[in-house]
Amino acid sequence: MNGLFLAGFDAGQTQTRCRLSRWHQNQWLPIAEGLGSGVIHLHASDGEERFEKALRSSFSKAIGNAGLRSEKALISAAAVGASGIEHDTPLQEQAQHLLARCLNIPSNQCLATGDERTALHGAFPQDAGIVLISGTGMICIGRNDQGKEQRCGGWGWLLDEGGSAQNLGQKGLQLSLRMADGRIPDRPLREKLWRALNCSSAAAIKALVVQPSFGAAGFAQLAPLVVAEAQVGDKDAIAILEQSAHSIAEAIAGVAQSLELSAPKICGNGGAFEHLQPFRELIEQAIAKRLPTASWIKGQGDALDGALQLALRQLKRNPD
């Protein structure tokens, strides 16, 4: 299995990254990276078209950065991680087929999976551990020494997004409506949230949030404002952060228990975890209380490294 040319993709809503690397003498030899367009859920009306465009554009850019021509790039295997691709579903099969078509390689040499799984295999390529992703949404996934994997969360923002920026923003906006109704005293949080949305009434807020373009990202953009008010002592904002952090601790504990990890190593990432420091501190406190033997570590690699690891594993399973 020496001299293999592999491609790993991390497909996000804003952009898609592609990393080319060669597996030679049991080590990775990085070649080049490229950025392409973003994706949306494959079930959306133009989801398949945008998924293909994202793969092709990022791959083409990586090939160009490597100084190669696409027709000369003989990819041995590839893997892509994208939000919403559930294991053993028709959606996974569809994404896998699209990846194979874009790279002109057999489908059994391709793997499409959730971005939480590529993050896990990037952070812990060999060892047991748990990855927490707290960004617009929240999901955590772990693996034990026997190779068993378990995830918690990530079931969509309408059902299960406690621990996410979306959750913080949505709860904050709900709080602002209670203020507007006079159910609780009015405070600066309401004015700041409404100003950010360019709204001056509860009716305008109601009309805005039902627009298809608003969604989880629309709520998530409000999270920093909720965190800022918690920092200056707004008790209700503090309660929102604490409850969201508790949701993460609950999910992490669920993964650890399922995998029988008595002293789990945890790698955290995602915009909310990385950039909302007060929220991160509450997450760490909640997990320390729930799992006092847990420890935080920096992952060995990122989601692109994980995609390459999974591509290599897929090739070893299907050498022909």
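The rules we used
Residues numbered from 1 in each chain as written. Predicted model: local features only at pLDDT ≥ 70, side-chain atom pairs only at ≥ 80, totals over all residues. Heavy atoms only, no water. Helix = DSSP H or I, 4+ residues; strand = E, 2+ residues; numbered from the N terminus. Rg over C-alpha atoms; globule rule 2.2 N^0.38 Å. Buried < 20%, exposed > 50% of the residue type's maximum accessible area, 1.4 Å probe, protein only. Contact = heavy atoms within 4.5 Å. Areas by Shrake-Rupley, 256 points an atom, 1.4 Å probe, with all protein chains shown as cover. Lys, Arg positive; Asp, Glu negative; His and termini not counted. Charge placed at Lys NZ, Arg CZ, Asp CG, Glu CD. Core = buried A, V, L, I, M, F, W, Y, C linked by side-chain atoms within 4.5 Å. Pairing = 2+ DSSP bridges. Axes fitted to C-alpha atoms, helices over the stretch in contact; angles between N-to-C directions. Phe/Tyr/Trp six-rings, centres within 6.5 Å; stacked < 30°, edge-to-face > 60°. Salt bridge = Lys/Arg side-chain N within 4 Å of Asp/Glu carboxyl O.

Colleague: Please provide a residue-by-residue account of the overall build of the protein chain, values included.
Modeller: Along its length, the protein chain carries 12 helices and 10 strands. In terms of C-alpha radius of gyration, the protein chain reaches 21 Å, essentially the compact-globule figure of 20 Å for 320 residues. When each of the 320 residues of the protein chain is scored for burial, the buried share is 49%. Looking at the protein chain alone, contacts between residues at least 24 apart form 63% of all its contacts between residues at least 6 apart. Within the structure as shown, the protein chain displays about 15,500 Å² of accessible surface, and the carbon and sulfur contribution to it stands at 48%. Charge centroids of the protein chain, computed over 31 positive and 32 negative side chains, lie 2 Å from each other.

Colleague: Tell me about the nonpolar core, residues and numbers included.
Modeller: Core analysis: the largest hydrophobic core is formed by 48 residues, its most contacted members being Ile 252 and Phe 279. Top contributing element to this core by residue count: helix H9 (residues 235–259), with 12 residues. Setting aside residues no more than four positions away along its own chain, Ile 252 makes contact with Ile 130, Leu 132, Cys 140, Ile 266, Ile 287 and Leu 291. Membership of the second largest hydrophobic core comes to 29 residues, among which are Ala 62, Ile 75, Leu 98 and Cys 102.

Colleague: Can you explain the sheet that holds strand S2 (residues 16–24)? Please cite residues and give values.
Modeller: A sheet is described by the order of its strands in space; here 5 strands give the open sequence S3-S2-S1-S4-S5, paired in mixed fashion. For this open sheet the edge positions go to strand S3 (27–36) and strand S5 (110–113), each flanked by a neighbour on one side alone. Across the sheet, the axes of successive neighbouring strands diverge by a mean angle of 15°, strand direction being ignored. For S2 and S3, the ladder comprises 9 bridges, and the chain directions are antiparallel. Across the sheet, Ser 21 pairs through a bridge with Pro 30, a residue of S3. Along the sheet, helix H12 (residues 303–317) contacts strand S1 (4–11), S2, S3, strand S4 (77–82) and S5; its crossing angle with S1, the most-contacted strand, is approximately 130°.

Colleague: Could you give an account of the sheet that holds strand S10 (residues 295–296), naming the residues involved and the relevant values?
Modeller: Hydrogen bonds between backbone atoms are what pair the strands of a sheet, whose relative direction is either parallel or antiparallel. Spatial strand order, S8-S7-S6-S9-S10: 5 strands in an open sheet with mixed pairing. Every interior strand has two partners, whereas the edge strands, strand S8 (149–153) and S10, have only one. Relative to strand S9 (residues 265–269), strand S6 (residues 129–134) runs parallel, the two sharing 4 bridges. Residue Ile 133 lies in a different strand from S9, and its bridge partner there is Asn 269. Across the sheet, H9 lies against S6, strand S7 (138–143), S8 and S9, angled at about 20° from S7, the strand it touches most.

Colleague: Please give an account of the packing of aromatic side chains that cites residues and values.
Modeller: Both the distance between ring centres and the angle between the ring planes are used here to describe each pair of aromatic rings. For the structure shown, the criterion picks out 4 aromatic pairs. Ring plane angle 50° and centroid distance 5.8 Å describe the contact between Trp 157 and Phe 219, whose orientation is recorded as tilted. One end of the pair, Trp 157, is in the loop between S8 and helix H4 (165–181); the other, Phe 219, is in helix H7 (residues 215–220), with 62 residues separating them in the sequence. The class for Phe 219 is buried, based on a relative accessible area of 6%.

Colleague: Please set out the pairing of S2 residue by residue, giving values where relevant.
Modeller: Every regular strand shows the same layout, with side chains that alternate between the two sheet faces. Alignment of S1 against S2, held across 8 bridges, turns out to be antiparallel. Paired with Leu 4 across the two strands is Trp 23, which belongs to S2. Count of turn residues in the S1/S2 antiparallel hairpin: 4 residues. Turn length for the S2-S3 hairpin, with the two strands adjacent in sequence and antiparallel, is 2 residues, and the turn residue Gln 25 shows positive phi of about 50°.

Colleague: Talk me through unusual backbone geometry; I want residue IDs and the actual numbers.
Modeller: We note that Gln 25 has phi near 50°; this positive angle belongs to a residue other than glycine. Within the secondary structure layout, Gln 25 lies in the loop between S2 and S3. Notably, Asn 26 is not glycine yet its phi reads approximately 60°, a positive angle. Among the residues examined, Asn 26 registers a relative accessible area of 63% and is labelled exposed.

Colleague: Any details on the pattern of salt bridges? Residues and values, ideally.
Modeller: One pass over the structure, following the stated rule, counts 17 salt bridges. Where Asp 186 meets Arg 190, a salt bridge forms, and the shortest distance between an N and an O atom there is 2.8 Å. On the basis of relative accessible area, Asp 186 is assigned to the partly exposed category, the value being 45%. Relative accessible area serves as the criterion here: at 18%, Arg 190 is assigned to the buried category. Taken together, the shared-partner salt bridges connect Asp 10, Arg 17, Arg 19, Glu 33, Asp 302 and Asp 305 into one network.

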